[in-house]
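Architecture at a glance
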Amino acid sequence: MQRNIWCGLKLSAIIFILLLDLTCTRQIALLIIDVQNCFLPGGSLAVTEGDQVIPVINNIRSEYKADISLVVLSQDWHCSDHISFASQHKGAGQVIQLSYDKSGSLCDENNSCTEVAYNLTQHLWPDHCVINTPSANFSHNLTHEPSDLVVRKGYNCKVDSYSAFYDNGGFRHTELHDKLKEAGIDALIITGLARDYCVYYTAMASKTLGYETYVVLDATRPVTKETGDSAVADMKSKGNIKC
Ligand SMILES: [Zn+2]
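As the structure is a computational prediction, the values presented were derived from the model and not from experiment. Every chain's residues receive numbers from 1 upward, in the order its sequence appears when written. Given that this is a predicted model, residues contribute local features only at a pLDDT of at least 70 and side-chain atom pairs are listed and counted only at 80 or more, while totals for whole chains, interfaces and linings are drawn from all residues.

1. Quick look at the overall build of the protein
- Numbering of helices and strands runs from the N terminus; a helix is a DSSP stretch of H or I covering at least four residues, while a strand is a stretch of E covering at least two. When you go through the protein residue by residue, the secondary structure sums to four helices and seven strands.
- For the protein, the succession of helices and strands along the chain, N to C, is β-α-β-β-β-β-α-β-α-β-α.
- Three exposure classes are used, all based on how many other C-beta atoms lie within 10 Å of a residue's own C-beta (placed from the backbone): buried at 20 or more, exposed at 12 or fewer, and partly exposed between those limits. Within the span of the protein, comprising 243 residues, buried residues form 42% of the whole.
- We call two residues in contact whenever the C-beta atoms placed from their backbones are within 7 Å. In the protein, the proportion of contacts linking residues at least 24 apart, taken out of those at least 6 apart, comes to 75%.

2. Thoughts on the confidence of the model for the protein
- Scored from 0 to 100, pLDDT records how confident the predictor is in each individual residue. Scored by pLDDT, the protein has a mean of 89; 88% of the residues are at 70 or more.
- Low confidence marks residues 1-23, where pLDDT is under 50. Its contacts with residues over four positions away, or in another chain, come to 54 contacts.

3. Digging into helix α1 (residues 53-63)
- Buried residues of α1: Val 53, Ile 54, Ile 57, Ile 60 and Arg 61, and no others. Down the axis of α1, the smallest arc covering the buried residues is 130°, so these residues share one side.
- Residues of α1 that are buried in the fold lie against β1 (28-33), β2 (68-76), β6 (187-193) and β7 (212-221). Each direction from the helix axis to a C-beta atom contributes to the arc, which is the arc of those directions.

4. Quick look at helix α3 (residues 195-208)
- Of all 14 residues in α3, ten are buried, a share of seventy percent or more.
- Those residues of α3 that fall on the buried side of the exposure criterion are Arg 195, Asp 196, Tyr 197, Cys 198, Val 199, Tyr 200, Thr 202, Ala 203, Ala 205 and Ser 206.
- In this fold, the buried residues of α3 make contact with β1, β6, β7 and α4 (225-237).
- Of the residues trailing α3, Gly 210 is marked for its positive phi of about 95°.

5. Here's the deal with the nonpolar core
- Only buried residues count toward a nonpolar core: Ala, Val, Leu, Ile, Met, Phe, Trp, Tyr and Cys, linked into one set through C-beta atoms within 7 Å. One finds Ala 29, Leu 31, Ile 32, Ile 190, Leu 193 and Val 199 to be the most contacted residues of the largest nonpolar core, which totals 56 residues.
- Listing elements by their share of this core, those giving two or more residues are β1, α1, β2, α2 (176-182), β6, α3, β7 and α4.
- Each residue touching Val 199, except ones within four places of it in the same chain, is listed here: Ile 33, Ile 190, Gly 192, Leu 193, Ala 194, Val 215 and Thr 220.

6. A closer look at the environment of Asp 178
- Positionally, Asp 178 belongs in helix α2.
- Exposure remark for Asp 178: the 10 C-beta atoms within 10 Å place this residue in the exposed category.
- Put simply, Asp 178 and Phe 165 are 13 residues apart on the chain and 9.6 Å apart in space, counted from C-alpha to C-alpha.

7. Topic: unusual backbone geometry
- For the peptide bond that leads from Leu 193 to Ala 194, omega is -15°, which places it in the cis range.
- Along the chain, Ala 194 falls in the loop between β6 and α3.
- Located in the positive-phi region is Cys 129, a residue other than glycine, with phi close to 50°.
- Following the sequence through the fold, Cys 129 ends up in the loop between β4 (118-123) and β5 (149-153).
- What makes Cys 129 buried here is the crowd of 26 C-beta atoms within 10 Å.

Below is the structure:
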């Protein structure tokens, strides 16, 4: 469906829109990033006010139902001993360095890596969103319909994945890009958690992959104000605010 909705948009929820080359006649997908129990108040990696994005997202999808061709929910989906869990790195600081060989395999006691091809900085987090646990479930307050596409990420135990498109090393892609192309999508409205990590990295990947990219700030919350502000500044520097 092609409409000009985003050109005349006055939705009060939208505080900031990141976009590139808006033509206003686009096939639009609403992307809802990681609105899961682990990231909500009471969760193991709770984002402050994370629950407040839910009515905003539900409102966007209901108010603009006719204009949104596809709704995608991403789902952080980790092994119980995931590389990003601080519990797996006793005594380490909040940030560690990880090395990978050219195939994207982690260099560790099981893989000595004659040649390191990639070094990644890994922030360590509390255990969260473990596969098939209530922590990984979507909030029951989030509107979720059978036609929604669910894209899981972070299920490689040795590589984290902030972006819903590909992991932090760019080693493996999820199915998201292919599914969006199949549906003829060329513009993404990005919402969810957290603004400074998975939303930010998904928006950057979206732009890299050529989608017109919009981030609805009021439908996101950051882990910290500082990193949230930095992410917004970076996103703004890479796009123009139009409409
Ligand atoms: Zn995670």
